[in-house]
Number of protein chains: 2
Amino acid sequence: MDEATADNFDALKLAQVEAPELSKNAHKKAQKQEKLAAQKANKSATNTTKEAGRAEAKKAVNKPSKKVEGAALIGIDVDKSKDFSGWYQQVLTKGDFLDYYDVSGCYILKPASYFIWEEIQAWFNVKIKGIGVENCAFPLFVSEDVLQREKAHIEGFAAEVAWVTHAGNTPLEKKIAIRPTSETVMYPYYAKWIRSHRDLPLRLNQWNSVVRWEFKHPQPFLRTREFHWQEGHTAHLKPETAQKEVRQILEYYAGVYEELLAVPVIRGRKTEKEKFAGADYTETVEGFIAATGRGIQGGTSHHLGQNFSKMFGISVEDPSAKEGEKKPPLNVFQNSWGLSTRTIGVMVMTHSDNRGLVVPPRVSRKQVVIVPVGITAKSTDEERTALYEEVDALAIVLRANDIRVETDFREGYSPGWKFNDWEQKGVPLRLEFGPKDSASHQVTTSRRDIQGNKGTIAITELASGVKNLLDTIQNDLYDRADTEFKSHVKHITKWDDFVPALNSKNVCLIPHCLTEECEDQIKDLSARKEENDDTPQDERAPSMGAKSLCIPFEQPEGLEKGVTECCNPQCKNKAEAWCLFGRSY
Amino acid sequence: MDEATADNFDALKLAQVEAPELSKNAHKKAQKQEKLAAQKANKSATNTTKEAGRAEAKKAVNKPSKKVEGAALIGIDVDKSKDFSGWYQQVLTKGDFLDYYDVSGCYILKPASYFIWEEIQAWFNVKIKGIGVENCAFPLFVSEDVLQREKAHIEGFAAEVAWVTHAGNTPLEKKIAIRPTSETVMYPYYAKWIRSHRDLPLRLNQWNSVVRWEFKHPQPFLRTREFHWQEGHTAHLKPETAQKEVRQILEYYAGVYEELLAVPVIRGRKTEKEKFAGADYTETVEGFIAATGRGIQGGTSHHLGQNFSKMFGISVEDPSAKEGEKKPPLNVFQNSWGLSTRTIGVMVMTHSDNRGLVVPPRVSRKQVVIVPVGITAKSTDEERTALYEEVDALAIVLRANDIRVETDFREGYSPGWKFNDWEQKGVPLRLEFGPKDSASHQVTTSRRDIQGNKGTIAITELASGVKNLLDTIQNDLYDRADTEFKSHVKHITKWDDFVPALNSKNVCLIPHCLTEECEDQIKDLSARKEENDDTPQDERAPSMGAKSLCIPFEQPEGLEKGVTECCNPQCKNKAEAWCLFGRSY
């Protein structure tokens, strides 16, 4: 702020009103800024980039008919319930989370969203280091030979692998792949490093980015060509310890969603059809996007068994062999597990609304913004200065209590404009402070998650009051999302109810035989055949067939193995378990 | 450890002795393990990878004549002073810092070295966040159009850019570069985001990896094709605030070296010849590798002036313009600054010795290892259990005081073998604890940084005693390195003393005119011409010509501008400043 000087201050003084409506002058100002920005955007120097970025952004953009009535010029102008994709794109870009980039499928994570990733990293690092996992860094590149060693595994990625063929103008002797995941990057070295059972368990994790050059419609955070994640890769002597870890990590993933992002998830196991290529089994946390009625995979933890250790020759002498006794070497038991920035996309889709982002306090870069109010054209400079000093003092108290607080002293903007601005950015709690508040020794509070909700906190209880309110917001966000999710999980036992339930934006728990063949049939039977266009799913009512999301660990009553029929009318098998099906991301 | 079971325990019990010599049986064991490992290494499954990694590693490997006399089989067997490259490679791999990878020029950072990078990140993040810099993530890829926009800048990188041309088997429409640095990735978006002086300063940083496909001899940490770093990119309204930041960041870089890594650096400005392509000026911290007598650039902070902002059209309306007044838009003033994992290489080269790594306590993943001693074949199980419980209790006390401690209860290894093992890994402080120590209520201490240095700490003062000792080790490491560096900075005013000083492994402060032409001459005059082979510098006496390292901020006395001659006998100019020259990395 030391570089800023107030311009046109006198003209705009009049515009500063305490009410949250936008002042006309502020509007004009905003319009002028928008116009200037638009002019700038057309400058030739940076044209290519921006046009390219914009071209992709346009794909998902709002149609006029779906605009929010009376939306502010600078605000979100598409309705979440009418044009979800357009809304999502606007919420992310106008909320300062993300920008589009001139390489399609790649995005810029701006500080506000990257901060969330840093919070997730810090939290998760404490958890995994606590159980003995260590961080490391393997290279970005993998040679063709090594990449293709595990055939079944690589099949799932082959079409999406990005290949480096040249350095400068020099062709490389052998083309080199950018890792789509690091199993084949790491496991040859596990074979080298693990020489004895004393080297076990080997538990490594890395925070990196991987590249999968998908040709499907990209979506920020959810499906991107480069994405940030962590990948854990561990090796154990015994299957039980490996399997125990699979579940432990899954609980940490659930913790990231539930404790940090205030997003409920269902824990379960993937079916044989949906498990990770090369795994013995996959455990998963599954989320739900209420606006589209689609399920979304939140994070997966795989038990690889000995599949990779046999392929890569990762073995130790059997420690149970007695002296002189010959026992065959033991292949180790492995896990791999990953959680990506997709987490952030799920969080945004869950909580945010037509006014912009809603960010849970635990992960919000700015938890509280204090906006001075009640300064008008009649106020003296002394009154203004006195008020601003009080606001500063409030901020100091909050900061001393580890609350991330911002003060908004920007000149030339009305409080109303500022309110909208911070709401769009998702700051969980706004404190308004004017001469009347000062006289009453209080601050006025306004929660981002509930429209029109105002209250007060006595200044003597500022820090504890704000802390409690932030906790309440965090809990309420979770509870609302949880209620929403639960109300959209339908227990279905009659096939005739299945597709209508999906069409009403639900996911369905059905008795299922768990065979791959039956899953394929269900997918086929639940797809709306007439549609065959390229439009992304969110642009229309979802029409894809339903996939199995997981077999929840928490199984409802009412299913008798060997007696209850599989829900699929074309299937002759008996049900094995309640299985969660849904249209999904 | 819960997976480990003791094998051959009885046979090896006899081998457990308190003295630090290797027992014969432990030797045999180690030999057996080496042999098994070698056999494993030949398994077909992982052959390709390991052979490739090994091929590169061999390039720098020890010759028999340069071996350390009597070196343990598992230990470092090359002498730092005789074969620096071979020593460096062994210290890193046997100390568990790093492994070679089957893509040349790429390396695996194992947990012990990655931990140091995490410590640097945490420390530096606090510093930069404290001054308002925020972290973010820009994509790995950059399109050809954008990359080539700043011609002068890209010229320095063009030959080393890795190009992605295919996804799976599909050729991309346009080839895409992997960022060699992110100026051209980020600045088009700075132009888009910076719409008014109110958006300034914009201060972003990212922790990522970049790729420069160099064809020179690669060296772990120092010259690698993919490397990890942070790159900060900031935009300011006024040059003064930008320039102030350049120096502030430089001080943080110096802090990473001096406070965390115990490595002294010289702060200064690069000459015109050596500054960053596209910068107005570059400030630098310069380190020194005493073993080779070569300087090494430690980290650089650039003031880019308006060079990039003009190229990329990053400008704002002049806030000093009065209402209605037309003033030309102002191009912003920019900085960029970067620090890489090279830091770790410099640290290793500075402190480590013929017994392996020496890691400063501040950044060591394990600061203290406790090794139980004095348990012999005559000891009872009760005696062993009692001692181990005491060791556990010591560890608990230290952990409660935030000391990173490891206990070594491995069965089947003698204390001597363990001592060597932890010394090789560079753990700063070893505590030995046996029945005699227990009876005297003390622990025996042994510092890694001073051979043969033993002492005791009373158990009643365990935590404070260990903390003090760790601080002493940290300070002593710095002081020794500082004394060494200082003794190798020669003030030279006569040209005839210059090359001999370089040949005696010094860097030289000389009066210099600071012209590029003169620098080229000095480089030429100080190179040993006869050598023209491909052998890396460290394999022989350094023969390259001397470059300017920096113009130190701290200028010695005795130079009179316009009077003192430039040190280069072929130069007719007067000296502008004392300039540090040296052979360098």
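Residues numbered from 1 in each chain as written. Chains lettered and ligands numbered in written order. Predicted model: local features only at pLDDT ≥ 70, side-chain atom pairs only at ≥ 80, totals over all residues. Heavy atoms only, no water.

- Chain A carries the name proline--tRNA ligase in an unreviewed UniProt entry, which gives Cladonia borealis as its organism.
- Check the Sequence similarities (unreviewed entry) section of the UniProt entry for chain A; it says "Belongs to the class-II aminoacyl-tRNA synthetase family." (UniProt positions renumbered as here; feature names shortened; annotations may be inferred.)

### A word on the overall build of chain A
For step 1, the next point in the chain: Of the regular secondary structure elements, chain A holds 17 helices and 23 strands.
For step 2, the next point in the chain: Scored against the burial criterion, the 585 residues of chain A give a buried share of 59%.
For step 3, the next point in the chain: Here the analysis covers contacts within chain A between residues at least 6 apart in sequence; of these, 69% occur between residues at least 24 apart.
For step 4, the next point in the chain: Accessible surface for chain A amounts to roughly 23600 Å². Of this, 49% is attributable to carbon and sulfur atoms. (Helix = DSSP H or I, 4+ residues; strand = E, 2+ residues; numbered from the N terminus. Buried < 20%, exposed > 50% of the residue type's maximum accessible area, 1.4 Å probe, protein only. Contact = heavy atoms within 4.5 Å. Areas by Shrake-Rupley, 256 points an atom, 1.4 Å probe, with all protein chains shown as cover.)

### What about the interface of chain B and chain A?
Often, the extent of an interface is quoted as the loss of accessible area upon association of its parts.
For step 1, the next point in the chain: Between chain B and chain A, the residue contacts involve 92 residues of the former and 92 residues of the latter.
For step 2, the next point in the chain: Across the chain B/chain A interface, buried area totals approximately 8000 Å², and carbon plus sulfur atoms make up 54% of it.
For step 3, the next point in the chain: Summed over the shared surface of chain B and chain A, the number is 6 salt bridges.
For step 4, the next point in the chain: Arginine 365 of chain A is paired through a salt bridge with glutamate 134 of chain B; the nearest N and O atoms lie 2.3 Å apart. (Buried area = accessible area lost by both parts, 1.4 Å probe. Salt bridge = Lys/Arg side-chain N within 4 Å of Asp/Glu carboxyl O.)

### Re the sheet that holds strand β19 (residues 454-458) of chain B
Consider a sheet: its strands pair through backbone hydrogen bonds, and that pairing is either parallel or antiparallel.
Residues and elements named next belong to chain B.
For step 1, the next point in the chain: In space, the 5 strands of this open sheet follow the order β16-β15-β17-β18-β19, with mixed pairing throughout. Pairing within the sheet leaves two strands with one partner each, and these edge strands are β16 (405-407) and β19. Strand-to-strand twist across the sheet, computed as the mean angle between neighbouring axes with direction ignored, equals 30 degrees.
For step 2, the next point in the chain: With respect to the sheet, helix α12 (residues 381-400) is in contact with β15 (368-372), β16, β17 (429-433) and β18 (442-447), its orientation differing from that of β15 by roughly 170 degrees.
For step 3, the next point in the chain: The sheet strands contacting helix α13 (residues 415-425) are β15, β16 and β17, and the helix crosses β15 at an angle near 170 degrees. (Pairing = 2+ DSSP bridges. Axes fitted to C-alpha atoms, helices over the stretch in contact; angles between N-to-C directions.)

### As for the relation of the copies chain B and chain A
Here the two chain copies are tied together by a rotation about an axis and a shift along that axis.
For step 1, the next point in the chain: When chain B is brought onto chain A, the operation consists of a screw motion whose angular component is 180 degrees and whose axial shift is 0.0 Å, with 0.0 Å RMSD remaining. What we have between these two chains is a two-fold relation. For chain B, the smallest separation between a C-alpha atom and the rotation axis is recorded for valine 164 of chain B, amounting to 2.1 Å.
For step 2, the next point in the chain: Take the interface residues of chain B: 100% of them recur as interface residues in chain A, which is what a same-surface contact looks like. (Least-squares fit on C-alpha atoms with pLDDT ≥ 70 in both.)

### A closer look at the pattern of salt bridges
For step 1, the next point in the chain: For the structure shown, the criterion picks out 66 salt bridges over all chains.
For step 2, the next point in the chain: The closest approach of N and O atoms between glutamate 406 of chain B and lysine 366 of chain B, which form a salt bridge, is 3.4 Å. Of this pair, glutamate 406 of chain B sits in strand β16 while lysine 366 of chain B is found in the loop between α11 (342-351) and β15, placing the two residues 40 residues apart along the sequence.
For step 3, the next point in the chain: A residue is classified by how much of its surface remains accessible, and glutamate 406 of chain B, at 23% relative accessible area, is partly exposed.
For step 4, the next point in the chain: One salt-bridge network, in which partners are shared between bridges, spans Asp353, Arg355, Glu423, Arg430, Glu432, Arg448 and Lys454 of chain A.

### So, the environment of leucine 339 of chain B
All names here are of chain B.
For step 1, the next point in the chain: Within the fold, leucine 339 resides in strand β14 (residues 333-340).
For step 2, the next point in the chain: With a relative accessible area of 1%, leucine 339 lands in the buried category.
For step 3, the next point in the chain: Taking the C-alpha atoms as reference points, leucine 339 and tryptophan 207, separated by 132 residues in sequence, lie 9.7 Å from one another.
For step 4, the next point in the chain: Here leucine 339 is in contact with Trp117, Ile120, Trp229, Gln230, Tyr253, Val256, Tyr257, Gly298 and Gly299, once residues within four sequence places are set aside.

### Observations concerning the packing of aromatic side chains
What describes a pair of aromatic rings is the distance from one ring centre to the other and the angle between the planes of the rings.
For step 1, the next point in the chain: Counted under the stated rule, the structure contains 48 aromatic pairs over all chains.
For step 2, the next point in the chain: Consider the rings of phenylalanine 124 of chain A and tryptophan 337 of chain A, whose centres lie 6.2 Å apart with planes at 70 degrees: the pair is edge-to-face. On the criterion of sequence distance, the pair formed by phenylalanine 124 of chain A in helix α5 (residues 111-130) and tryptophan 337 of chain A in strand β14 (residues 333-340) is long-range, its members being 213 residues apart.
For step 3, the next point in the chain: Ring plane angle 85 degrees and centroid distance 5.5 Å describe the contact between phenylalanine 227 of chain B and tryptophan 229 of chain B, whose orientation is recorded as edge-to-face.
For step 4, the next point in the chain: The class of tryptophan 229 of chain B is buried, set by a relative accessible area of 10%. (Phe/Tyr/Trp six-rings, centres within 6.5 Å; stacked < 30°, edge-to-face > 60°.)

### Some thoughts on the sheet that holds strand β8 (residues 226-236) of chain A
All names here are of chain A.
For step 1, the next point in the chain: An order of β3-β7-β8-β14-β11-β10-β9-β22-β23-β21-β20 is seen for the 11 strands of this open sheet, with the pairing classed as mixed. In the strand order of this sheet, the two ends are held by β3 (134-135) and β20 (489-491), each with one partner.
For step 2, the next point in the chain: As paired strands, strand β22 (residues 547-552) and strand β23 (residues 577-582) are joined by 3 bridges and run antiparallel to one another. Its bridge partner being in β23, lysine 547 is matched across the sheet by glycine 582.
For step 3, the next point in the chain: Against the sheet, α5 touches β3, β7 (202-211), β8 and β14, its axis set at about 165 degrees to β7.

### A word on α11 of chain B
For step 1, the next point in the chain: With 9 of 10 residues buried, α11 of chain B is to be regarded as a mostly interior element.
For step 2, the next point in the chain: Turning to α11 of chain B, its buried residues are Arg342, Thr343, Ile344, Gly345, Val346, Met347, Val348, Met349 and His351 of chain B.

### A closer look at the pairing of strand β9 (residues 266-269) of chain A
Residue and element names in this part refer to chain A.
For step 1, the next point in the chain: Burial along β9 is one-sided: Ile266 and Gly268 are buried, while Arg267 and Arg269, pointing the other way, are not.
For step 2, the next point in the chain: Of the strand pairs in this sheet, β9 and strand β10 (residues 281-289) are connected by 4 bridges, and their pairing is antiparallel. If you follow arginine 267 over to β10, its bridge partner there is valine 285.
For step 3, the next point in the chain: As judged from the 2 bridges shared by β9 and β22, these two strands associate in the antiparallel manner. For arginine 269, the partnering residue across the bridge sits in β22 and is isoleucine 551.

### What about the pairing of β8 of chain A?
All names here are of chain A.
For step 1, the next point in the chain: Judged by how many residues are buried, β8 sits mostly within the fold: 11 of 11 residues are covered.
For step 2, the next point in the chain: Of the two faces of β8, the one lined by Glu226, His228, Gln230, Gly232, Thr234 and His236 and the one lined by Phe227, Trp229, Glu231, His233 and Ala235 are each fully buried.
For step 3, the next point in the chain: Of the pairings in the sheet, the one linking β7 to β8 comprises 10 bridges and is antiparallel in character. Looking at the pairing, leucine 204 lines up with histidine 233 of β8.
For step 4, the next point in the chain: In this sheet, β14 lies alongside β8 in antiparallel orientation, the contact comprising 8 bridges. Paired with histidine 233 across the two strands is serine 336, which belongs to β14.

### A short note on the UniProt feature "domain: Aminoacyl-transfer RNA synthetases class-II family profile" (unreviewed entry) in chain A
For step 1, the next point in the chain: Listed under "domain: Aminoacyl-transfer RNA synthetases class-II family profile" (unreviewed entry) in the UniProt record, and renumbered for this structure, are residues 105-360 of chain A.
For step 2, the next point in the chain: Within the segment residues 105-360 of chain A, helix and strand shares are 30% and 32% respectively, and the terminal C-alpha atoms sit 27 Å apart.

### A look at the state of the cysteines
For step 1, the next point in the chain: Counted by the stated rule, this structure contains 0 disulfides over all chains.
For step 2, the next point in the chain: Cysteine 106 of chain B forms no disulfide, and the closest cysteine sulfur to it belongs to cysteine 136 of chain A, at a distance of 15 Å.
For step 3, the next point in the chain: For cysteine 106 of chain B, a relative accessible area of 1% gives the class buried.
For step 4, the next point in the chain: The structure places no disulfide on cysteine 518 of chain B, whose sulfur is separated from the nearest cysteine sulfur, that of cysteine 566 of chain B, by 3.6 Å. (Disulfide = S-S within 2.5 Å.)

### Re the nonpolar core
Side chains of a nonpolar character, in soluble globular proteins, are inclined to be buried together.
For step 1, the next point in the chain: Counting residues in each nonpolar core, the largest one holds 90 residues, and the members touching the most others are Phe141 of chain A together with Phe141 of chain B.
For step 2, the next point in the chain: Discounting residues that sit within four places of it in the chain, phenylalanine 141 of chain B has contacts with Tyr101, Val103, Cys106, Ile178, Val211 and Trp213 of chain A together with Val164, Ile176, Ala177, Ile178 and Val185 of chain B.
For step 3, the next point in the chain: Core analysis: the next-biggest nonpolar cluster, separate from the first, contains 51 residues, Phe97, Val285, Ile296 and Val363 of chain A among them. (Core = buried A, V, L, I, M, F, W, Y, C linked by side-chain atoms within 4.5 Å.)

### Remarks on the environment of lysine 572 of chain B
All names here are of chain B.
For step 1, the next point in the chain: When you line up the elements, lysine 572 lands in the loop between β22 (547-552) and β23 (577-582).
For step 2, the next point in the chain: Given the relative accessible area of 70%, lysine 572 is considered exposed.
For step 3, the next point in the chain: Spatially, the C-alpha atom of lysine 572 lies 9.0 Å from that of cysteine 513, the residues being 59 residues apart in sequence.

### Observations concerning unusual backbone geometry
For step 1, the next point in the chain: Backbone torsion omega between leucine 200 of chain A and proline 201 of chain A reads -5 degrees, so that peptide bond is classified as cis.
For step 2, the next point in the chain: In this model, lysine 505 of chain A sits at a positive phi of 65 degrees, which is unusual for a non-glycine residue.

### A few points about the packing of helix α5 (residues 111-130) of chain B against helix α9 (residues 239-260) of chain B
All names here are of chain B.
For step 1, the next point in the chain: Two elements in contact, α5 and α9, have axes separated by 11 Å at closest approach and are oriented at 145 degrees. Read as a crossing pair, α5 and α9 show a hand that is right-handed. Packed against α5, whose contacting residues are Glu119, Ile120, Trp123, Phe124, Lys127 and Ile128, the element α9 presents Ile249, Tyr252, Tyr253, Gly255, Val256, Glu259 and Leu260 at the interface. (Left-handed = near helix turned anticlockwise from the far one by under 90°.)

### Describing the side chain of threonine 292 of chain A
For step 1, the next point in the chain: Positionally, threonine 292 of chain A belongs in the loop between β10 and β11 (294-305).
For step 2, the next point in the chain: There is a polar contact of 3.1 Å between the side chain of threonine 292 of chain A and the side chain of tyrosine 585 of chain A. (Polar contact = N/O pair within 3.5 Å; in protein donor to acceptor, adjacent residues only side chain to side chain.)

### Brief notes about the packing of helix α4 (residues 84-94) of chain B against α11 of chain B
All names here are of chain B.
For step 1, the next point in the chain: Running from N to C, α4 and α11 cross one another at 110 degrees; their axes reach a closest spacing of 11 Å. When the axes of α4 and α11 are compared, the pair comes out roughly perpendicular. Considering only the axes of α4 and α11, their crossing is right-handed. Along the contact surface, α4 presents Phe84, Trp87, Tyr88, Val91 and Leu92, while α11 presents Gly345, Val348 and Met349. (Parallel < 35°, antiparallel > 145°, perpendicular 65-115°, else oblique.)

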